[in-house]
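Okay, here's what each chain looks like letter by letter:
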Amino acid sequence: MTDQKDFGPEPTGGSATVAIAWLPAGDYEQATTLWPDFAGSDRVAGPDGRLPHTQYCRTMQQILVDYAEAGIPGGLVIAPVRVAPFTAWCAERRYQPDSAESRAEYAAHLARTADPALIAWPPDRNQPCWCGSGRKYKKCCAATISVDIDQDR
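Notes on the structure in this doc start here. Bear in mind that the values here come from a model prediction, so they are computed numbers and not experimental data.

Secondary structure summary: the chain contains six helices and six strands in total. Beginning at the N terminus, the succession of helices and strands in the chain can be written as β-β-α-α-β-β-α-β-α-α-β-α. The buried share among the 153 residues of the chain stands at 42%. Looking at the chain alone, contacts between residues at least 24 apart form 56% of all its contacts between residues at least 6 apart. If you sum the accessible surface of the chain, you get close to 8300 Å²; carbon and sulfur atoms cover 52% of it.

Before going further, it helps to spend a moment on helix 3 (residues 53-69). Relative to the 24 Å expected for 17 residues at 1.5 Å per residue, helix 3 spans 24 Å between its end C-alpha atoms, a close match to the ideal helical length. Turning to helix 3, its buried residues number three or more, namely His-53, Tyr-56, Cys-57, Met-60, Gln-61, Ile-63, Leu-64 and Val-65.

Where burial is concerned, most of strand 5 (residues 76-80) is hidden: five out of the five residues are buried. The alternating pattern of strand 5 places Leu-76, Ile-78 and Pro-80 and Val-77 and Ala-79 on opposite faces, both of which are buried. Both strand 2 (residues 16-22) and strand 5 contribute to a ladder of five bridges, which runs parallel. Following the sheet pairing, Ala-19 is matched in strand 5 by Val-77. Bridge analysis of strand 5 against strand 6 (residues 119-121) gives three bridges, and the strand direction is antiparallel. Across the sheet, residue Ile-78 finds its bridge partner in strand 6, namely Ile-119.

Attention shifts here to the layout of surface pockets. Reported here for the largest pocket is a volume of approximately 190 Å³. Taken together, 12 residues line the largest pocket, and the ones lying closest to its centre are Thr-54, Arg-58, Cys-131, Arg-135 and Cys-140. Where the lining of the largest pocket is concerned, the elements lending two or more residues are helix 3 and helix 6 (141-152). With four residues, the top contributor of residues to the lining of the largest pocket is helix 3.

Here the structure, examined in full by the defined rule, presents 10 aromatic pairs. Pairing Trp-89 with Tyr-95 gives two aromatic rings, centres 5.3 Å apart and planes at 70 degrees, and the pair type is edge-to-face. For Trp-89, a relative accessible area of 7% corresponds to the buried category. Through successive ring pairs, a cluster of aromatic residues spans Tyr-28, Trp-35, Phe-38, Tyr-56, Phe-86, Trp-89, Tyr-95 and Tyr-106.

Attention shifts here to unusual backbone geometry. Here Trp-121 and Pro-122 are connected by a cis peptide whose omega angle stands at 0 degrees. In this structure, Pro-122 sits in the loop between strand 6 and helix 6. Positive phi, normally seen in glycine, also occurs at Arg-94, with a value near 60 degrees. Following the sequence through the fold, Arg-94 ends up in the loop between helix 4 (83-93) and helix 5 (100-112). Judged by its relative accessible area of 77%, Arg-94 is exposed. If you check the backbone angles, Ala-114 has positive phi at about 50 degrees while not being a glycine. Mapped onto the secondary structure, Ala-114 falls in the loop between helix 5 and strand 6.

Thresholds applied
- Residues numbered from 1 in each chain as written.
- Predicted model: local features only at pLDDT ≥ 70, side-chain atom pairs only at ≥ 80, totals over all residues.
- Heavy atoms only, no water.
- Helix = DSSP H or I, 4+ residues; strand = E, 2+ residues; numbered from the N terminus.
- Buried < 20%, exposed > 50% of the residue type's maximum accessible area, 1.4 Å probe, protein only.
- Contact = heavy atoms within 4.5 Å.
- Areas by Shrake-Rupley, 256 points an atom, 1.4 Å probe, with all protein chains shown as cover.
- Expected span 1.5 Å × (residues − 1).
- Pairing = 2+ DSSP bridges.
- 1 Å grid on protein atoms, 1.4 Å probe; cavity = no way out; pocket = protein on both sides within 12 Å on 5 of 7 lines; lining within 4 Å.
- Points joined across faces, edges and corners; volume = space filled by probe spheres on them.
- Phe/Tyr/Trp six-rings, centres within 6.5 Å; stacked < 30°, edge-to-face > 60°.

Laid out in structure tokens, this is it:
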């Protein structure tokens, strides 16, 4: 199961948007300690143990690109999963925080409630990168994908 969820049609009657759960720095490290299934997932576990947050963001960027290339008509949003509010949300609903399905449901919840923390993807090239690095998108996560595509040729 992936940490993404289609949260239904847009209010204008357009196509569904897909919300992708993502853990920001700090929360990512905490989640890998608290949630063994998450820590062992292919998004987090590398050959030498837990991937650094920057590599996790590169993996998420590739997932976002793959969805975009598949032609998601309604678009994509990134739903930042903060450990404390997410854990409380799970407790209210008797969900397991270590479940990809729970993270997907939470991402959909954030999207349905138009949470101000949602991040529209992709950002413009000169906007700050969605990953929180403080760098421009074109010099951060977008550059990583461009380099990977160039190396494939």
